[in-house]
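Examining the three-dimensional arrangement
Each chain is listed here by its residues.
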Amino acid sequence: MTPQDETVAAVPPPEHWWQGAVVYQIYVRSFADSDGDGIGDLEGIRSRLDHLTETLGVDAIWITPFFPSPMRDFGYDVADYCDVDPLFGDLARFDSLLSDCHQRGLRVMIDWVPNHTSDLHPWFVESRSSRDNPKRDWYVWRDPADDGSPPNNWLAMFGGSSWEWDERTRQYYLHSFLPEQPDLDWRNPEVESAMLDSLRFWLDRGVDGVRIDVAHYLMKDPGLTDNPPAEGPTDYRPLGEPDSQIHINDRGHPDIHSLFRRIRGVLDSYPDDRFAIAEIHESDWETWASYYQPPSLDSIHMPFNFSLLYAPWDAEELRQSIEAAEAAVPEGAWPNHVLGNHDEARVASRFGERRAGLAAILLLTLRGTVTMYYGDEIGMPETAIPPGEIRDPQGIRLGTPTRDGCRTPMQWSDQPHAGFSPPEAPGTWLPLSTDWKQRNVDSQLDDPGSLLQLYHRLLAARRSPSLRRGAFRSLPAPPGCLVYERSAPGSAAVVVALNLGGDVTAIDLPAGTVLVATDPGAEGKPVSGPIELAGNEGVVIELT
Ligand code: NOJ
Ligand code: MG
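About the cut-offs
- Residues numbered from 1 in each chain as written.
- Chains lettered and ligands numbered in written order.
- Predicted model: local features only at pLDDT ≥ 70, side-chain atom pairs only at ≥ 80, totals over all residues.
- Heavy atoms only, no water.
- Near = heavy atom within 4 Å.
- Polar contact = N/O pair within 3.5 Å; in protein donor to acceptor, adjacent residues only side chain to side chain.
- Areas by Shrake-Rupley, 256 points an atom, 1.4 Å probe, with all protein chains shown as cover.
- Nonpolar A, V, L, I, M, F, W, Y, C, P; charged D, E, K, R; others polar.
- Donors = N, O, S within 2.8 Å, 3.2 Å for Na, K, Ca; no water.
- Buried < 20%, exposed > 50% of the residue type's maximum accessible area, 1.4 Å probe, protein only.
- Phe/Tyr/Trp six-rings, centres within 6.5 Å; stacked < 30°, edge-to-face > 60°.
- Helix = DSSP H or I, 4+ residues; strand = E, 2+ residues; numbered from the N terminus.
- Lys NZ or Arg CZ within 6 Å of the ring centre and 35° of its normal.
- Pairing = 2+ DSSP bridges.
- Axes fitted to C-alpha atoms, helices over the stretch in contact; angles between N-to-C directions.
- Salt bridge = Lys/Arg side-chain N within 4 Å of Asp/Glu carboxyl O.
- Parallel < 35°, antiparallel > 145°, perpendicular 65-115°, else oblique.
- Contact = heavy atoms within 4.5 Å.

Right, let's get into the site of ligand 1. Taken together, 13 residues sit near ligand 1, with D73, H116, D213, H342 and D343 positioned nearest. In this structure, H116 approaches ligand 1 through a side-chain N or O atom, which is 2.9 Å from an oxygen atom. Here an oxygen atom of ligand 1 sits 2.5 Å away from a polar atom, N or O, in the side chain of D343. Protein contacts shield 98% of the accessible area of ligand 1, which totals 290 Å² for the unbound molecule. Among the residues making up the shell around ligand 1, the classes are represented as 4 nonpolar, 2 polar and 7 charged.

Set out below in structure tokens:
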């Protein structure tokens, strides 16, 4: 090693707030309703900050879209990027929320939805008004094929053709989701400029980062080539009709990378480490990792790693998936993990209620930025929604399990409406889950053995440099168990042992002290050599 190399090695890599951070996803309609209309709002979030910073101790929140919207896709159809829908509050309330969060050291991320607007966005209203409107080319308009059919075979993610016929101007427009969500044409520089301004609008107000909705959809094949047919399901969760083709031409065109660099450029033009995490469903690890743009890493900071959302409860498969992600993340880039979100079945129901504690330990001890979903900290289950009460357009149009099941109101207490809405509210926008009287934040606060208390202890333990930023290494483990080490220079290494099976299993562990365990009685005790873990039990050990 030359003296110069030594100097390089002695300087620790810069620490970014988002490395090792835990981001708590708030589905704004369902977290806390301050004004009694049965729908969550910004003031509701502000009234529950103690839960986030004291009871839990997360680093950041990501608030799902709260912009003016006709709510055809519950806010993912934006009619104005630079305002707040009156359902949720107004800009002044957003600013107060942001400043209260910052005072507590809690970062705030918003949900930027750049692929499509609402059909009621003034840009689209203009665009569809005539073929020669100056905003016509802000969206993707095409003539019909000779027989009058759509210009190509692309299928929308919410069913049917991605093309909607506009009778008045006699052309089709492109929509990758609902017909009420027309896709912007990001190849038009005016669109890019207007949309990057909408990003600056929120960054100027002080938001710390963005989650970018369906980010790789922004660049499609400019020739609009047909998608090839698929032989089997193309998505992790079968979506029905849209699965019948491989979506290679309607998203993820290589031009996406230079656009992502320009988006990163906007974030980096602010001095204080603004962060972007992009929603990109990509199961091929190599393609997934390309979104980091190694070796320069000058793209968006990270694409979401959704693999834990689709992994079965199996120690070997989970280990393989975690190791594959570790191996795929390019040198110098930072991994991330997700266990639940507003589009997928709740983790407590996917893995089973008895396993929720072990799943929490796994999520909060892996290397990477972590996104956790509201309500998972109390083990809220996936809720069966009576057919007449289904609201989610995906569930309605595709007949797939409805996403409403993971969006039910947060269960705060055993009071009316589970404490989500004030008692006098006539009802809540989605029904409460059936277990709210027993399963709620208040009852779990009083119970030292609760999942909520486990989350609190895990989040506190995660402040150690080893868990927050340390390296990850799998260790040998008996069948059905997952054992790994996290270590950072100058900090005690941590070993995590999880028994995913049903039987008591002996695991040989190095000497240390139990930092956190599914059984709180085990915490603080010394361990050395083989320990017996019952099924669905886990320990986090600080080595001595
Ligand atoms: C992905 C979001 O997570 C989902 O909820 C939404 O329906 C689609 N994008 C369309 O914006
Ligand atoms: Mg409300």
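What follows continues from the structure just given.
Here we come to the coordination of the magnesium ion (ligand 2). Donor atoms from the polypeptide that bind the magnesium ion (ligand 2) are D33 (OD), D35 (OD), D37 (OD), I39 (O) and D41 (OD), placed at 2.2 to 2.3 Å. Look at D35 and you get partly exposed, because its relative accessible area is 48%.

A full pass over the atoms with the stated rule returns 30 aromatic pairs. Where W17 meets F275, the ring centres are 5.6 Å apart and the plane angle is 80 degrees; that geometry is what we call edge-to-face. Taken together, the residues W17 in the loop between α1 (3-10) and β1 (22-26) and F275 in strand β8 (residues 275-278) connect sequence positions 258 residues apart. A relative accessible area of 11% places W17 in the buried class. The buried category is assigned to F275, whose relative accessible area is 1%. Within the aromatic cluster, the residues linked to one another by ring pairs are F66, F67, F94, F201 and W202. The aromatic ring of W138 is capped on one face by K135, whose charged end is 4.7 Å from the ring centroid.

Pairing in this open sheet of 6 strands is antiparallel, and the strands run β12-β13-β14-β17-β15-β16 from one edge to the other. In this open sheet, the two strands that pair with only one neighbour each are β12 (471-475) and β16 (526-533). Within this sheet the neighbouring strands show an average axis-to-axis angle of 40 degrees, counted without direction. Sheet analysis places strand β15 (residues 505-517) next to β16, joined by 7 bridges and oriented antiparallel.

Here the focus is the pattern of salt bridges. All told, the structure shown has 35 salt bridges when counted by the stated rule. The partner of R407 in a salt bridge is D343, and the shortest N-O contact between them spans 3.2 Å. With R407 in the loop between α13 (393-398) and α14 (441-445) and D343 in the loop between β10 (336-338) and α11 (347-350), the pair connects residues that are 64 residues apart, well separated along the chain. One salt bridge connects R346 with D376, and the closest N-O pair in it is separated by 2.8 Å. Of this pair, R346 sits in the loop between β10 and α11 while D376 sits in the loop between β11 (369-373) and α13, and the two are 30 residues apart along the sequence. Residue class for D376 comes out buried when judged on its relative accessible area of 5%. Here the residues in one salt-bridge network are D73, D343, D392, R403 and R407, joined through shared partners.

A separate point is the pairing of β8. Across the two faces of β8 the burial is the same, with F275 and I277 and A276 and A278 all buried. Relative to β8, strand β7 (residues 209-212) runs parallel, the two sharing 4 bridges. Along β8, the bridge assignment pairs I212 with A278. In terms of strand pairing, β8 meets strand β9 (residues 302-303) through 2 bridges, oriented parallel. Bridge pairing links I277 to M302 in β9.

This brings us to the packing of helix α3 (residues 49-56) against helix α15 (residues 451-461). One way to put it is that α3 packs onto α15 with a least axis distance of 8 Å and a crossing angle of 65 degrees. In terms of orientation, α3 and α15 fall into the roughly perpendicular class. Contact residues: H51, E54, T55 and L56 in α3; L452, Y455, H456 and L459 in α15. Here the residues of the contact of α3 with α15 sort into 4 nonpolar, 3 polar and 1 charged.

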